[in-house]
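# Summary of structural features
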Amino acid sequence: MHRLSAVLILAMAFALVPNASTAQVASIDLQTIIDDAAPGSIIDLAPGTYTGGATINKSLTITGHGWPVIDGGGSGTVIEVSAPDVTIENVVIRASGASLDREDSGISVLAPRVTIRNNRFEDVLFGIFLRTAPDSLISNNIVGAKDVFIANRGDGIRLWESPGSIVEGNNIEGGRDTVFWFTDRVVVRNNEISDGRYGLHFMYSDGATIEGNILSSNSVGAFMMYSRDVTIANNVMAENSGPSGYGLGLKDMDNFTLSGNRFVSNRVGLYLDNSPSSAGSEGWILENLFAYNQIGASFLPAVKHNSFSGNTFIDNVEQVGITSSGRFSGNAWSVDGRGNYWSDFAGYDADGDGIGDVSYRVDDLYNTLTDKYPDLAFFNETPASMAIDLAAQMFPVLRPEPIIEDSHPLVTRPELAPVHSLNGGSGFGLLIASLLMLAGGAAVALLPSRRRHSSKGRTLA
Amino acid sequence: MTSVASIDSPERPDLSTIGTIAGKEIRDAIHSRWFWLWTFAFAGLASFTAAVALPGSQVAGFGNFGRTAASLVALAQIIVPLMGLTLGAYSIAGQKENGALRFLLSHPISRTEAFWGTYLGLAASLAATVFGGFGIAGIITVAQGGGVNADSFIRIAILSWLLAVSMLGLGMLISTFADRASAALGIAIFTWLGFAFIGDLGVIGTSVATSLPTWSLLLTAVLNPVEAFRLASLTAFSGSLDVLGPAGRYAVDTFGDNLGWMLFLVMGAWVVVPTILAWWRFNRIGDL
């Protein structure tokens, strides 16, 4: 490689620059540095502020030390990459423009094989925007967003026709979506995405691998459309709420495998709409956890050809629900004699083989009513709703047809390794509050007996 | 000095007399089986709920107090109104029946003083029951390693007490109309059934049969203090009403951040209005 010589040339070329940065307060023009660098060279940015709005039009590496800041000054795109094999690392990218029409970004890439890693993005509209940048790597960046109304924000990371790319270990907070369009064979791994609109959003992107991501407190954890051969494994989708509030939604997807994911405290854990969509393709939902969601798994009634096995359903207000009415059939709720674990399974396992001897059915009268009349969800968890279910249990004539039937329900919960804790409050505050309440209660009870002798006389005087 | 004033103008209520009667009422409560029955029932069930719900709500590192809190709210919806209604219903009718009221009013005590003394004493006893129950449930939650926002826990406890007090006022209103304690208790239990079960079931049935508009469901929150309590509690611990589907979102979209204090006002109205009516009625009953 010609890297060594490049460094030497640069060392000479830069002899002036660091001095300049310490000498003057005004920022250094990044474009000048880029123009002065030879193709293939490594630019080592010293701490300081550099003027953005630069275009990298040759293959080179920009690496910062001590967090140099590249400032877009609040207009346009901070760095545009138009040459392949560019690396940008260890810098702070700040203050892009705010125009959604011009798609103002932190870094915008129009060439293949770029590497963007270990950077921090602050006050940018779009964070990283790859348009036609196949085989790129985006890793370990921290991507913030502009503090504007969510629909006016840009996407933290957006890939457009950039197949074979890897998005890994990034932390994206408060942007709009993280989007993948026409980007096949992308790997999305170990990212943390929170407080956005769509944590992950896939359109027409086949062969994706989505693994180990934590998608929390977004409107929707991940929504995937019109793609096939997708593997979604060991992700956490938690506390995605709001009117949509899906942990994971699949629409018109084919041949997908969901395994080891944790769907926790979402409005709807998993939502399936016409997936799988084409003849002969299948959906596999294996060993996932659905806990504390309003609805564990929700389906449009026409959804078929999914197999559920080894999943754990715990305390979802509605374990499985159907949106609107209609006959729901054609999905397997056990595979090779292994079904799923249901926290409200009331059966038994006399032969001790770990499989319940009676089927698990979702046939709550109240939830069947709320599926059909969504307004009635207003009465969730009221004594009245419990009375309705109790009545249906006691008088089978009231019992609706089961939505699903798992003929091999698991009686013990499958082992699940802890992945991430989202515990809210602290025990200490609650303890203090409880003790105060107890003390208050006791004080009320004891107060009058202390006054008994002094007051009694006067009352009866 | 004060007792002289109360003799001269029995119309002007004397605070220390009210306090004395309230104290007597609390002492009576502590010596009554009713009080301990409710205290043990509420504290026991609340602790049981916390003890059972919490271990089930820890899985793979995820905790969820929301479900425990929801269970506590559901429990409070059933027990607390029954507690307040029966205590209130028994109070005046019971004392009328066994002559205690006549004895009390033979002293230089006005009816107003007797009423408010009884009311405040019972309200304080209910506070002891409710806060005691929540306190024990909270300690059990902590003992099991559960964490929760203490702020919302206290708010739910206070809302429960408000519900208890509003039902106490309503119970006393019932009591002023009944000649016998058993009749008052009977009406109180019917009222409780109406608020806790039949009202909601009626709305559910009507909604299925005639597809009521979404907003009309919210009316139940104004017309039924138990519903107002439930919505206020849900708002207190989850900050939104997403749990309640389209109607809940309608409420949040329409009233936004005002929803919390609006529900609080509704509950306040349910505390004040029946009690004032009961007081007014108590002052006009002919024979005690």
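For the structure, check the block above.
Okay, so let's go over this structure.

## Examining the overall build of chain B
Regarding its fold elements, chain B presents 12 helices and two strands. Each helix (α) and strand (β) of chain B, taken in turn from the N terminus, gives the series α-α-α-β-β-α-α-α-α-α-α-α-α-α. Across the 288 residues in chain B, those meeting the buried criterion constitute 58%. For chain B, the share of sequence-separated contacts (at least 6 apart) that also reach a separation of at least 24 residues comes to 83%. Of the roughly 11400 Å² of accessible surface on chain B, a fraction of 70% belongs to carbon and sulfur atoms.

## Overview of unusual backbone geometry
Residue and element names in this part refer to chain A. With omega at -5°, the peptide bond leading from serine 275 into proline 276 counts as cis. In this fold, proline 276 is placed in the loop between β31 (268-273) and β32 (283-286). A positive phi angle, close to 50°, is found at tyrosine 226, a residue other than glycine. Tracing the backbone through its elements, the reader meets tyrosine 226 in the loop between β25 (220-225) and β26 (228-233).

## Observations concerning the packing of aromatic side chains
Per the counting criterion, the structure on display carries 33 aromatic pairs over all chains. With a centroid separation of 5.8 Å and an interplanar angle of 70°, the aromatic rings of Phe299(A) and Phe308(A) are classed as edge-to-face. Judged by centre distance (4.2 Å) and plane angle (10°), the ring pair of Phe313(A) and Trp342(A) falls under stacked. Placement of Phe313(A) in strand β36 (residues 312-314) and of Trp342(A) in strand β38 (residues 341-342) is noted, with a sequence separation of 29 residues between them. Cation over ring: Arg131(A) sits above Phe129(A), and NZ or CZ is 4.1 Å from the ring centre. It is Arg281(B) that lies over the ring of Phe177(B); its NZ or CZ is 4.3 Å from the centre.

## Quick word on the sheet that holds β31(A)
All names here are of chain A. Strands sit in the order β4-β7-β10-β13-β16-β19-β22-β25-β28-β31-β34-β37 across an open sheet of 12 strands; the sheet is parallel. The outermost strands of the open sheet, each flanked by one partner alone, are β4 (54-56) and β37 (318-322). Each adjacent strand pair in this sheet contributes to an overall mean axis angle of 10°, direction not counted. Bridging between strand β19 (residues 177-181) and strand β22 (residues 198-203) involves four bridges; their strand directions are parallel. Residue pairing across strands places tryptophan 181 opposite methionine 203, the latter belonging to β22.

## Overview of the pairing of strand β29 (residues 254-259) of chain A
All names here are of chain A. When β26 meets β29, the two strands line up parallel, connected through five bridges. In the strand pairing of β29, isoleucine 232 is matched with leucine 258. Bridging between β29 and β32 involves four bridges; their strand directions are parallel. Note that in β32 the partner of threonine 257 across the bridge is tryptophan 284.

## Looking at helix α7 (residues 150-177) of chain B
The terminal C-alpha atoms of α7(B), which comprises 28 residues, lie 41 Å apart, in line with the 40 Å expected from a rise of 1.5 Å per residue. The buried count for α7(B) comes to 22 of 28 residues, which makes it a mostly enclosed element.

## Looking at the pattern of salt bridges
Residues and elements named next belong to chain A. Tallied over the entire structure, the rule returns 22 salt bridges over all chains. Its salt-bridge partner being glutamate 122, residue arginine 94 comes within 3.0 Å of it at the nearest N-O pair. Note that arginine 94 is positioned in strand β9 (residues 92-94) and glutamate 122 in strand β12 (residues 120-122), a separation of 28 residues in sequence. The class for arginine 94 is partly exposed, based on a relative accessible area of 32%. Judged by relative accessible area, glutamate 122 falls into the partly exposed class, the value being 28%. Aspartate 229 is paired through a salt bridge with arginine 228; the nearest N and O atoms lie 3.9 Å apart. A network of salt bridges, in which partner residues are shared, links Arg94, Arg120 and Glu122.

Rules of the game
- Residues numbered from 1 in each chain as written.
- Chains lettered and ligands numbered in written order.
- Predicted model: local features only at pLDDT ≥ 70, side-chain atom pairs only at ≥ 80, totals over all residues.
- Heavy atoms only, no water.
- Helix = DSSP H or I, 4+ residues; strand = E, 2+ residues; numbered from the N terminus.
- Buried < 20%, exposed > 50% of the residue type's maximum accessible area, 1.4 Å probe, protein only.
- Contact = heavy atoms within 4.5 Å.
- Areas by Shrake-Rupley, 256 points an atom, 1.4 Å probe, with all protein chains shown as cover.
- Phe/Tyr/Trp six-rings, centres within 6.5 Å; stacked < 30°, edge-to-face > 60°.
- Lys NZ or Arg CZ within 6 Å of the ring centre and 35° of its normal.
- Pairing = 2+ DSSP bridges.
- Axes fitted to C-alpha atoms, helices over the stretch in contact; angles between N-to-C directions.
- Expected span 1.5 Å × (residues − 1).
- Salt bridge = Lys/Arg side-chain N within 4 Å of Asp/Glu carboxyl O.

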